[in-house]
Structure formats: structure tokens, C-alpha cells
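A structural walkthrough
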Amino acid sequence: MFSPNAAAMSTPLASAPPATRTQLHRLLDAGQAHAATYRGALSNHLPMAQQALLELGATAERLQAWTEAHEVHLEPRCGARPSAILPARDLGRPDADASWRMHFSQRIAALGPSAALREGLGLLMPGAGAIAFHGLIRTAHAVLAAHEGELAAGLAHWASHFMPLPSAPGAS
């Protein structure tokens, strides 16, 4: 688990300017260059933490410092060429992240974020536990951040690590 340095988490002065949604969006845009996982299968918590820090009232300086302290541990996104998605083939395939990201970006552009989210949830909810619920959590933070690129990234992370939850004993 990542632990930021003391400078990144120091208490700000009361007069420091607050982080803004514009700053968050700029950081989320830049964060699209990072892979959804690192060191094998650890989830990239950066976009989730950035959105949470904004909501918790972080200063602009703290949000920037936390971002810089965390992003050095991340890996760049794979340069794989996206291909058309076939859910029966591509759900649960981490190597299909770029294709899922392209798919959800196109669905958001075609339908708008709310309708694309509803469509994605219909497909992905049976696998809500995927990658320790991080796809669902990242998607929720993207909705709160109102950032379409991050919404596509969260849904793609969920889809590429899709794993259906087991049925309860005796359930039909």
C-alpha cells in the first residue's frame, strides 16, 4: 500500500487556496496516461484519491503534492491498439483494457455519460466484486468528479477485470 510522504500530507495554512474542480479535471486528464494497475495487479488509486481529496476540502497545493507523490509509483498505460469489444470474449481480460476504454469512450460520446453509465452497469453489476471492487469504486468516483475520461477508465477497469460474484448457497 502506498504511503505518501509527510510533505504531501502536511496540514495546510488556512489562507491556502482550495483545490478546484478545474484542477481536478486537469489532473484526471493527465492521469489518463497511467495504467489502471501497477506492480502486476495493484489498482491505481490516484484518481479515486484525487476526487476524495477535493471533496474533503484539500488545498490546491495538497492535491498537487499528493498527486506528485503518488504518481511516481504508477506505470504508463500499455500502448496496445484497441480493437472492437466482444463482451463474451473480452469481459475479464486485463489485456483488453485499452479496447474497453475505447468502447466506453465511444458509448459516452454517443449516448452521454448518464445513459452510457446505465448501459455499462447493466453489463458489469454481476461482476461488481472484480479486482476487490475497485472498478465499481473508481467508476463511482468518476461520476462524482463528473469526468468523462475517468468514467470510461473506471468502467474499462471493471470490465477488463470482470469476475462474477458467486451465488449464495441455495439461491436460484
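In the block above lies the structure referred to throughout.
Bear in mind that the values here come from a model prediction, so they are computed numbers and not experimental data.

**Thoughts on the environment of Arg 77**
- As for its placement among the helices and strands, Arg 77 is situated in the loop between helix H4 (60–71) and helix H5 (87–90).
- Filtering out sequence-adjacent residues up to four positions away, Arg 77 remains in contact with Gln 32, Ala 33, His 34, Ala 35 and Arg 101.

**Focus: empty space enclosed by the protein**
- One pass over the full model with this rule turns up one cavity of 30 Å³ or more.
- Taken together, Leu 27, Leu 28, Gly 31, Gln 32, His 34, Asn 44, Leu 46, Pro 47, Gln 50, Arg 138 and Glu 150 make up the lining of the largest cavity.
- At the level of secondary structure, the elements contributing two or more residues to the lining of the largest cavity comprise helix H2 (21–31) and helix H3 (46–55).

**Focus: H4**
- The first and last C-alpha atoms of H4 sit 16 Å apart over 12 residues, in line with the 16 Å expected at 1.5 Å per residue.
- All buried positions along H4 are accounted for by Arg 62, Leu 63, Trp 66, Thr 67, Ala 69 and His 70.

**Some words on the packing of aromatic side chains**
- Counted by the stated rule, this structure contains one aromatic pair.
- Look at Trp 100 and Phe 104: their rings are 5.5 Å apart centre to centre, the planes differ by 20°, and that puts the pair in the stacked class. Linking Trp 100 with Phe 104, this pair stays in helix H6 (residues 97–111), spanning four residues, or about one helical turn.
- Since its relative accessible area comes to 0%, Trp 100 is described here as buried.
- A relative accessible area of 3% means that Phe 104 is categorised as buried.

**Some words on the side chain of His 134**
- Of note, His 134 is situated in helix H8 (residues 134–145).
- Look at His 134 and you get buried, because its relative accessible area is 15%.
- At 3.0 Å, the side chain of His 134 forms a polar contact with the backbone oxygen of Ile 131.

Parameters at a glance
Residues numbered from 1 in each chain as written. Predicted model: local features only at pLDDT ≥ 70, side-chain atom pairs only at ≥ 80, totals over all residues. Heavy atoms only, no water. Helix = DSSP H or I, 4+ residues; strand = E, 2+ residues; numbered from the N terminus. Contact = heavy atoms within 4.5 Å. 1 Å grid on protein atoms, 1.4 Å probe; cavity = no way out; pocket = protein on both sides within 12 Å on 5 of 7 lines; lining within 4 Å. Points joined across faces, edges and corners; volume = space filled by probe spheres on them. Expected span 1.5 Å × (residues − 1). Buried < 20%, exposed > 50% of the residue type's maximum accessible area, 1.4 Å probe, protein only. Phe/Tyr/Trp six-rings, centres within 6.5 Å; stacked < 30°, edge-to-face > 60°. Polar contact = N/O pair within 3.5 Å; in protein donor to acceptor, adjacent residues only side chain to side chain.

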